[in-house]
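Spelled out, the chains give:
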Amino acid sequence: MISSNSNQITHSNYQVAFEWKDGRRLSVKEDVAYILPSDQKEVDRLELNHTLWKLFKSPLHEKLTQGIRVLDIGCGPGWWTLDMARLYPNSEFIGIDMADVFITEDIPSNAKFQLLNAGTGLDYFEDESFDFVFQRFLVMGFPTDQYIRSVEEMKRILKPGGAIEILELVNEYKNAGPAFKNINLWINEALVARNMDSYVADKISSFLANAGYQDIKDINYDVPIGAWGAYPGELFLAIQRLALPAVKVMITQLTSITSEVYDANMEEAFKEVDQYEISTRFRLIYATK
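No experiment lies behind these values; they were computed from the predicted model shown.

### Observations regarding the overall build of the protein
Within the protein, the secondary structure is distributed over eight helices and ten strands. Counting across all 289 residues of the protein, residues that qualify as buried make up 55%. Expressed as a percentage of contacts within the protein between residues at least 6 apart in sequence, the contacts between residues at least 24 apart total 73%. On the protein, roughly 12800 Å² of surface is accessible, and the fraction owed to carbon and sulfur atoms is 49%.

As structure tokens, then:
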């Protein structure tokens with residue numbers, strides 16, 4: 001039920017237990033695969049990510065203006081949901097996440113949040129109940145089998161002719177120096193330990209094709225890290241300064257790398273960004289049902 005304070009946050013019966021490790025708040029619920037922290041530092045990183053990537057690429061402006069129903073999977077605090085709701089007041093927006101870190105003030109009447117773990121299925125929602133499904137940055141949230149299931153579930157809840165858009169990170173630092181190469185290897189080792197795939201973004205188009213989606217578009221982005229990349233590079237460096245401490249938790253838990261080794265390597269990594277002109281690869285995929 002929607003909470004009595006009218007903040008439009010639905011908690012239902014889903015609850016996630018958290019614990020603090022090495023100063024970060026982590027989920028301990030067995031059906032939650034997400035292995036990054038859920039705390040204020042992570043909220044700050046997600047806000048910078050939203051600033052970098054903005055809203056959407058799919059050709060849906062006219063439909064959104066007229067009014068459609070939209071689902072934001074893994075919405076985090078909900079900046080995308082709220083910005084879209086304010087921009088398109090005739091459309092309805094629902095943001096779901098497994099962690100209750102939702103923004104609770106000034107929620108537009110056409111937006112609401114649902115505490116829900118998308119990784120275990122979207123059966124909370126009826127068949128053909130959304131016109132647009134949006135998802136970004138769940139490479140560290142879904143094991144490969146859950147990612148494939150999520151794609152299939154998104155198709156189930158999409159109306160005929162509805163659209164899906166996925167923005168995903170590839171665990172690949174291009175032109176990496178020695179320290180960033182280490183981070184690449186360590187992240188990959190940690191993800192493999194949890195049946196996750198550093199390069200799942202490169203396979204999403206195939207997942208969509210196998211699930212029967214149409215009109216699949218797949219776009220590669222190289223995002224610079226550091227001053228050499230002007231404003232986007234400076235912004236993405238700020239994101240990395242929050243992201244690398246976040247991934248430290250999963251690396252020290254799931255690999256043999258110690259906290260001391262990681263910290264020393266991370267310090268060297270930030271010295272490399274302008275020397276090597278390092279960037280990170282992303283893929284944006286959108287399609288229709």
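After presenting the structure, the write-up continues.
### Observations regarding unusual backbone geometry
Although it is not a glycine, Phe 137 sits at a positive phi angle of roughly 60 degrees. Note that Phe 137 resides in the loop between strand E7 (130-136) and helix H4 (144-157). Notably, Glu 277 is not glycine yet its phi reads approximately 55 degrees, a positive angle. A residue is classified by how much of its surface remains accessible, and Glu 277, at 40% relative accessible area, is partly exposed.

### Re the packing of helix H5 (residues 178-193) against helix H7 (residues 230-254)
For the pair H5 and H7, interaxial distance at closest approach is 9 Å and the crossing angle is 50 degrees. If you check the angle between H5 and H7, you find them oblique. The crossing of H5 and H7 is left-handed. Two secondary-structure elements touch here, H5 through Phe 180, Ile 183, Trp 186, Ile 187, Ala 190, Leu 191 and Ala 193 and H7 through Gln 240, Leu 244, Val 247, Met 250, Ile 251 and Leu 254. Looking at the contact of H5 with H7 residue by residue, the classes come out as twelve nonpolar, one polar and no charged.

### A short note on the pairing of strand E10 (residues 279-288)
Among the ten residues in E10, nine count as buried, and that is most of the element. Where strand E8 (residues 158-174) and E10 come together, nine bridges link them in antiparallel fashion. Residue pairing across strands places Leu 167 opposite Leu 284, the latter belonging to E10.

### Topic: the packing of aromatic side chains
Here a ring pair, both rings aromatic, is described through the centre-centre distance and the interplanar angle of the planes. Tallied over the full model, the rule gives 13 aromatic pairs. Counting every residue linked through ring pairs, the aromatic cluster contains Trp 80, Phe 93, Phe 132 and Phe 134. Stacked on the ring of Phe 130, the Lys or Arg Arg 69 has its end atom at 4.3 Å from the ring centre. When the ring centre of Phe 270 is taken as origin, the NZ or CZ atom of Arg 241, which lies over that ring, is 4.6 Å away.

### Some remarks on the environment of Ala 193
On the secondary structure map, Ala 193 appears in helix H5. Given a relative accessible area of 45%, Ala 193 falls into the partly exposed group. Spatially, the C-alpha atom of Ala 193 lies 6.6 Å from that of Leu 254, the residues being 61 residues apart in sequence.

### Here's the deal with the side chain of Ser 91
Structurally, the position occupied by Ser 91 is in the loop between helix H3 (79-87) and strand E5 (92-97). Judged by relative accessible area, Ser 91 falls into the buried class, the value being 2%. Only 2.7 Å separates the side chain of Ser 91 from the backbone oxygen of Leu 64, close enough to count as a polar contact. Each residue touching Ser 91, except ones within four places of it in the same chain, is listed here: Lys 63, Leu 64, Gly 67, Ile 68 and Asn 110.

### Comments concerning the pattern of salt bridges
In this structure the tally under the stated criterion is 14 salt bridges. Glu 92 is paired through a salt bridge with Arg 69; the nearest N and O atoms lie 3.3 Å apart. Placement of Glu 92 in strand E5 and of Arg 69 in strand E4 (residues 69-73) is noted, with a sequence separation of 23 residues between them. Residue Arg 69 is classed as partly exposed on the basis of its relative accessible area, which comes to 22%. Between Lys 271 and Glu 268 there is a salt bridge, with the nearest N and O atoms lying 3.2 Å from each other.

### Notes on the environment of Lys 54
Here Lys 54 lies in the loop between helix H1 (40-53) and helix H2 (61-66). Each C-alpha atom, one on Lys 54 and one on Asp 83, is 9.2 Å from the other, the two residues being 29 residues apart in sequence. Apart from the residues within four sequence positions on either side, Lys 54 is in contact with Trp 80 and Arg 136.

### Side note on the packing of H5 against helix H8 (residues 259-276)
The geometry of H5 relative to H8 is characterised by a closest axis approach of 7 Å and an angle of 125 degrees between their N-to-C directions. With respect to H8, the axis of H5 lies oblique. Here H5 and H8 pass one another in a crossing that is left-handed. Facing H5, whose interface residues are Pro 178, Ala 179, Phe 180, Asn 182, Ile 183 and Trp 186, H8 presents Val 261, Tyr 262, Asn 265, Glu 268, Ala 269, Glu 272, Val 273 and Tyr 276.

What counts, and where the lines are drawn
Residues numbered from 1 in each chain as written. Predicted model: local features only at pLDDT ≥ 70, side-chain atom pairs only at ≥ 80, totals over all residues. Heavy atoms only, no water. Helix = DSSP H or I, 4+ residues; strand = E, 2+ residues; numbered from the N terminus. Buried < 20%, exposed > 50% of the residue type's maximum accessible area, 1.4 Å probe, protein only. Contact = heavy atoms within 4.5 Å. Areas by Shrake-Rupley, 256 points an atom, 1.4 Å probe, with all protein chains shown as cover. Axes fitted to C-alpha atoms, helices over the stretch in contact; angles between N-to-C directions. Parallel < 35°, antiparallel > 145°, perpendicular 65-115°, else oblique. Left-handed = near helix turned anticlockwise from the far one by under 90°. Nonpolar A, V, L, I, M, F, W, Y, C, P; charged D, E, K, R; others polar. Pairing = 2+ DSSP bridges. Phe/Tyr/Trp six-rings, centres within 6.5 Å; stacked < 30°, edge-to-face > 60°. Lys NZ or Arg CZ within 6 Å of the ring centre and 35° of its normal. Polar contact = N/O pair within 3.5 Å; in protein donor to acceptor, adjacent residues only side chain to side chain. Salt bridge = Lys/Arg side-chain N within 4 Å of Asp/Glu carboxyl O.

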